[in-house]
Amino acid sequence: MSSLPTVCIIGAGCSGFTTAKRLRDHDIPYDCFEISDDVGGNWYFGNPNGRSACYQSLHIDTSTTRLQFEDFPAGADWPHFPHHSLIHQYFRDYVDHFGLRDTITFGTAVEHAARQADGTWRVTLSTGQTRDYDALVVANGHHWNPYLPDYPGSFDGPVLHSHAYRSPFDPVDMRDKRIVVVGMGNSALDIASELSHRSIARHVWVSARRGVWVLSKYRGGKPADKMMMPPWMPKKLGLALSRRAIKKTLGNMEDYGLPKPDHEPLSAHPSVSVDFLAKAGSGDLTCVPAIERLDGDAVVCVDGTRIEADVIVCATGYRMAFPFFDDPELLPDAQHRLPLFKRIVKPGIGNLYFAGLAQASPTIVNLAEQQSKLIARHLTGEYELPSVAEMEAIIARDEAKHLGQYYSAPRHTIQLDFARYVRDLHREIEAGRKRAAAVR
Ligand SMILES: Cc1cc2nc3c(=O)[nH]c(=O)nc-3n(C[C@H](O)[C@H](O)[C@H](O)COP(=O)(O)OP(=O)(O)OC[C@H]3O[C@@H](n4cnc5c(N)ncnc54)[C@H](O)[C@@H]3O)c2cc1C
């Protein structure tokens, strides 16, 4: 029997199953519980867990070479920006290739997880069973708990969150409807572009508190995320060069009929679309300011514009949530902050790991593949965490590094520059290896 700690992994989306693989590579005993009947989480269209935000037309915004796992390359014949069905198949193939499927318990939710007096985790499953583990990995995703704005007034028609949107016909038949899409994040741009086809909506209005820079998926014929600033480049210089390149290729947002952004490019999580600018420029959709109130058959914007509408689609994002925890220390604060060392460990709780809990640019898909290197080495004792005080100091420095470029908002509390993060993570693993060797 292994003398290594026993681990419970919550979730078998890409963050959970790649962590499972790493633990298995290190012979660390684990159970992985998954609510659904298959792996894939968000990328499982129609997921019976009710948590996937995939719409029928969704293509990933991250290019193939950026999202692929380092030990399981994507197909050479893949398009630059695969459809969700290809991503899900890739995940299924990964899990089957590495023989992980039998190690995942499907159809089973972790309903409660609490730290015992001796530091172990007691986990209560949807089967009613309780089990104890030495360590817990939380990989429950952070794009399933929709955030809905609370507008004064009432609206006569359907109001849905983009999480519920599947297609122009499901769950609401959008044909010939007057539609207000709220937000200008990636789901908003996709959904507004799709619905604004003349064969579908009568008209689409896009309501947002501020203008955004709508970035192209491509630059110079290549996926733009391939040209992100390399981690060796000083951040200030990299940002300045990227911002200049974006402004030069895109021009002014106002020229497409969009509101002028009140921030520089890359000061917000990238909103990326190849269709949206053309749809706005073609008059198929109209941008309006934020909604002030709902008024029966209309929405009223802060500038007094009254739009008679049939449907509202709120593409207003998500909030992190861990319904299985009741310890407030383990939950995000009122500002949607949950500071973590390397976005993995809460200082002072050395046997709890969060996997994939970041808004990494350009990808979250293979983020936990990297994070699991630290997790596995910590569990085997090859890696030692810094002291709590050091971790807190590093968190502050990392947040300044990763969040500094973004305007302050709940959606920007867990941003990461993927390449910089991975470089630093590898350095940290090496530093922790030396710490571990020193105490042995
Ligand atoms: C519309 C949309 C577009 C996106 N586009 C991109 C993109 O272009 N690039 C990118 O990198 N990312 C994108 N994302 C982000 C997406 O969240 C990640 O790509 C990826 O799905 C994260 O994987 P995950 O495993 O962390 O979470 P998820 O995919 O959400 O998987 C979590 C899993 O945990 C399971 N689970 C949850 N709670 C429990 C529990 N209590 N017990 C047992 N099982 C549980 C769920 O059933 C689920 O299977 C997008 C997200 C959305 C919503």
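Thresholds, definitions, all that
Residues numbered from 1 in each chain as written. Predicted model: local features only at pLDDT ≥ 70, side-chain atom pairs only at ≥ 80, totals over all residues. Heavy atoms only, no water. Helix = DSSP H or I, 4+ residues; strand = E, 2+ residues; numbered from the N terminus. Buried < 20%, exposed > 50% of the residue type's maximum accessible area, 1.4 Å probe, protein only. Lys, Arg positive; Asp, Glu negative; His and termini not counted. Salt bridge = Lys/Arg side-chain N within 4 Å of Asp/Glu carboxyl O. Contact = heavy atoms within 4.5 Å. 1 Å grid on protein atoms, 1.4 Å probe; cavity = no way out; pocket = protein on both sides within 12 Å on 5 of 7 lines; lining within 4 Å. Points joined across faces, edges and corners; volume = space filled by probe spheres on them. Nonpolar A, V, L, I, M, F, W, Y, C, P; charged D, E, K, R; others polar. Pairing = 2+ DSSP bridges. Axes fitted to C-alpha atoms, helices over the stretch in contact; angles between N-to-C directions. Expected span 1.5 Å × (residues − 1). Arc of directions from axis to C-beta. Domains from an automatic or database assignment. Buried area = accessible area lost by both parts, 1.4 Å probe.

The name given to the protein chain in an unreviewed UniProt entry is Monooxygenase, and the organism recorded there is Amycolatopsis deserti.

Draft legend 1. Just the side chain of arginine 243, in detail. Relative to the assigned elements, arginine 243 resides in helix α5 (residues 235-250). At 4.5 Å, glutamate 264 is the nearest oppositely charged side chain to arginine 243, a buried residue that forms no salt bridge. Once you skip the residues sitting within four places of it in the chain, arginine 243 turns out to touch Glu264, Pro265, Leu266, Ser267 and Gln405.

Draft legend 2. Highlighting the layout of surface pockets. What the second largest pocket holds in volume is close to 270 Å³. Lining the second largest pocket are 16 residues; nearest its centre among them are Ser57, His59, Asp190, Lys217 and Asp275. Looking at the lining of the second largest pocket element by element, the count peaks at four residues for helix α4 (residues 186-195). In the lining of the second largest pocket, the residues fall into five nonpolar, five polar and six charged.

Draft legend 3. View of the sheet that holds strand β4 (residues 110-115). The three strands lie next to each other as β4-β5-β6, forming an open sheet whose pairing is antiparallel. Whereas interior strands pair on both sides, the edge strands pair on one side only; in this sheet they are β4 and β6 (130-133). Adjacent strand axes in the sheet meet at a mean angle of 20 degrees, parallel and antiparallel pairs treated alike. With five bridges connecting them, β4 and strand β5 (residues 121-125) associate as antiparallel partners. In the sheet register, alanine 114 faces β5, and the bridge partner there is arginine 122.

Draft legend 4. Region of the structure containing α5. Across its 16 residues, α5 extends 22 Å between first and last C-alpha, which sits within 8% of the 22 Å expected from 1.5 Å per residue. For α5, the set of buried residues is Lys235, Gly238, Leu239, Ser242, Arg243, Ile246 and Leu250. Around the axis of α5, the buried residues are gathered within 125 degrees of arc, so they sit on the same side. Along α5, the residues that are exposed and aim more than 90 degrees away from the buried face are Lys236, Arg244 and Lys248. Of the surrounding secondary structure, the elements contacted by the buried residues of α5 are β12 (214-215), β13 (218-219), α6 (276-281), α8 (388-403), β24 (415-417) and α9 (418-439). Following α5 by one or two positions, glycine 251 adopts a phi angle in the positive range, close to 75 degrees.

Draft legend 5. Structural context of the pattern of salt bridges. The tally for this structure, following the rule as stated, stands at 30 salt bridges. Among the salt bridges present, the one from lysine 21 reaches aspartate 71, with a minimum N-O distance of 2.8 Å. One end of the pair, lysine 21, is in helix α1 (residues 14-25); the other, aspartate 71, is in the loop between α2 (64-67) and α3 (84-97), with 50 residues separating them in the sequence. On the basis of relative accessible area, lysine 21 is assigned to the buried category, the value being 7%. Judged by its relative accessible area of 29%, aspartate 71 falls in the partly exposed class. With its nearest N and O atoms 3.0 Å apart, the salt bridge here joins aspartate 284 to lysine 279. The same class applies to aspartate 284 and to lysine 279, which are both buried. Salt bridges here are not isolated pairs; linked through shared partners, they connect Arg178, Glu292, Arg293, Asp295, Asp297, Arg306, Glu308 and Asp310.

Draft legend 6. Molecular detail of empty space enclosed by the protein. The full count for this structure, using the stated rule, is four cavities of 30 Å³ or more. In terms of lining, the largest cavity is formed by 14 residues, of which the most central are Arg343, Asp398, Glu399, His402 and Leu416. Listing elements by their share of the lining of the largest cavity, those giving two or more residues are α8, β24 and α9. The leading source of residues in the lining of the largest cavity is α8, at five residues. Considered as a void within the structure, the second largest cavity measures approximately 70 Å³ in volume. Taken together, Val212, Trp213, Leu215, His263, Glu264, Pro265, Leu266, Ser267, Ala268, His269, Pro270 and Ser271 form the lining of the second largest cavity. Grouping the constituent residues of the lining of the second largest cavity by class yields seven nonpolar, four polar and one charged.

Draft legend 7. Summary view of the domain arrangement of the protein chain. Split into domains, the protein chain comes out as domain 1 (7-145 + 318-439) and domain 2 (155-314). Facing 37 residues of domain 1, the contacting portion of domain 2 comprises 35 residues. The junction of domain 1 with domain 2 conceals about 3000 Å² of combined surface from both sides, 49% of it contributed by carbon and sulfur atoms. On the domain 1 side of the contact with domain 2, Tyr55, Gln405 and Arg420 bury the most area, a combined 24% of that side's loss.

Draft legend 8. Region of the structure containing the pairing of strand β17 (residues 291-296). The pairing of strand β8 (residues 153-155) with β17 spans three bridges and is classified as parallel. Within β17, the position partnered with serine 154 by the bridge is aspartate 295. Here β17 hands over to strand β18 (residues 298-301) after one residue, the two strands then running antiparallel side by side.

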